[in-house]
Structures are given as C-alpha cells and as structure tokens.
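Per-entry structural report
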Amino acid sequence: MAKNNETVTMKGSPLKVEGRCVEEGSTLPSFKLTGTDMADVTNAAFAGKVVVLMSIPSIDTPVCAIETKRFNQEASSLSGDVVIVGVSRDLPFALKRWCGAEGVSRVVALSDYKYRSFGKEFGVDLPDLGLLARAVFVVNKSGKVVHVDYVQEVASEPDYDAAIKAVKSCL
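This report concerns the structure included in the present document. Note that the structure is a prediction, hence the values are computed from the model and not measured.

**Re the pairing of strand 11 (residues 145-150)**
Burial analysis of strand 11 places 5 of its 6 residues in the buried class, which makes it a mostly covered element. In terms of strand pairing, strand 10 (residues 135-139) meets strand 11 through 5 bridges, oriented antiparallel. Directly across from Val-139, in strand 11, lies its bridge partner Val-145. Taking the residues between adjacent antiparallel strands as the criterion, strand 10 and strand 11 are bridged by 5 residues, where Gly-143 takes a positive phi near 85°.

**Quick look at the nonpolar core**
In terms of nonpolar packing, the biggest core is built from 28 residues, with Leu-53, Phe-118, Phe-122, Val-124 and Phe-137 touching the most fellow members. Broken down by secondary-structure element, the contributors of at least two residues to this core are strand 5 (50-55), strand 6 (82-88), helix 3 (118-122), strand 10 and strand 11. Those residues in contact with Val-124, other than ones at most four positions away along the chain, are Val-17, Glu-18, Ser-55, Phe-118, Gly-119, Leu-131, Leu-132, Ala-133, Ala-135, Phe-137 and Tyr-150. Ranked by size, the runner-up nonpolar core spans 26 residues in total, among them Val-50, Ala-65, Leu-78 and Ala-109.

**Things to note about the pairing of strand 5**
In terms of burial, strand 5 is a largely internal element, 6 of the 6 residues being buried. By the alternation rule, side chains of strand 5 split into Val-50, Val-52 and Met-54 and Val-51, Leu-53 and Ser-55, which are all buried. Of the strand pairs in this sheet, strand 5 and strand 6 are connected by 6 bridges, and their pairing is parallel. Its bridge partner lying in strand 6, Val-52 is registered against Ile-84. In the classification by handedness, the crossover that spans strand 5, the intervening helix 1 (residues 62-75) and the parallel strand 6 is right-handed. Both strand 5 and strand 10 contribute to a ladder of 5 bridges, which runs antiparallel. Each residue of the ladder has a partner; that of Leu-53, found in strand 10, is Phe-137.

Rules behind the numbers
Residues numbered from 1 in each chain as written. Predicted model: local features only at pLDDT ≥ 70, side-chain atom pairs only at ≥ 80, totals over all residues. Heavy atoms only, no water. Buried < 20%, exposed > 50% of the residue type's maximum accessible area, 1.4 Å probe, protein only. Helix = DSSP H or I, 4+ residues; strand = E, 2+ residues; numbered from the N terminus. Pairing = 2+ DSSP bridges. Core = buried A, V, L, I, M, F, W, Y, C linked by side-chain atoms within 4.5 Å. Contact = heavy atoms within 4.5 Å. Right-handed = clockwise from strand over helix to strand, strands pointing away.

Written out as structure tokens, the structure reads:
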C-alpha cells in the first residue's frame, strides 16, 4: 500500500502521473463527475456517509472488473452509512452497461470523462494514457480522508483488507 503517487507503473514501466497526492487526515477534495444518468454528481452527494472512493483505469479491463465486483460484494456486508464510488474516464453509458450486465448495484459508477478534473485533484491523472491510475481512498462521515492506497502497479489490485478495515474504523 502506497501513500503517494510517485512511482506508478504499468507492467513495470514508469508512468507520468499528474496531480497532488491526497494525504490521510486531509479533507476530501471537491469533485464534479458524471453519473450513469448523465447528471452531475459532486462530493456533496455523499456528505455524512463513509465513502470508499476507488479510482480505476477502465471498467472494461480485467483488474478493474475484479476490483469493482469485489467492492460490490464487500458492500453487501457493510452498513447503509457506507457508499462505494468507482471513478474512471469510461463513458457513463459504458459504466451503466457494464454494471447492469455484471449485476453490480452497490457501487456508484461515476465518470471523469467530461470535466477531467478528478485525476489532478486526487493525484491519479495519467496524461499520456488519458486514464486514471488505480487508487483507493476511504473518507469518514466528517469528510476526512482516513485511508490512502495509491496502487503502484496499475495492473495490480488494491489492498482490500486495509480499505475495509479503514471503513469499519469509521462506523
């Protein structure tokens, strides 16, 4: 589990990452994303909730699919005070199609395709690929970041146990 985005790789090759690192103890950065219904969604929509915010390169890739399904499964055993949000630059239509086809109903799928600001605000912008790096942030009900995991190898899964432990510490 990495606390910074300084050495992100894809299949061992270094990637250029832009944006500031989010640190544990900091306030959740503001964001404006697009939902699967094409409506704007901001962090205000999740106020008062424990939020697992996962940044993924693309829902249509194997590791992203595994991660999204795993967090969807984990959500079934968590309190209604927890919301899991998956963010990528996939089009909202693709996110809606994939979630429907895979039975993913507990992950709020949001897209950064329109505003393209999430990547820089969260330190996950991969400008040379036009994608987001893999990372997981857990935010408590007060809007403070309590867990940060910048996954060093884009093709690797995050530390699910550490993220869920952080969620449970907020309840």
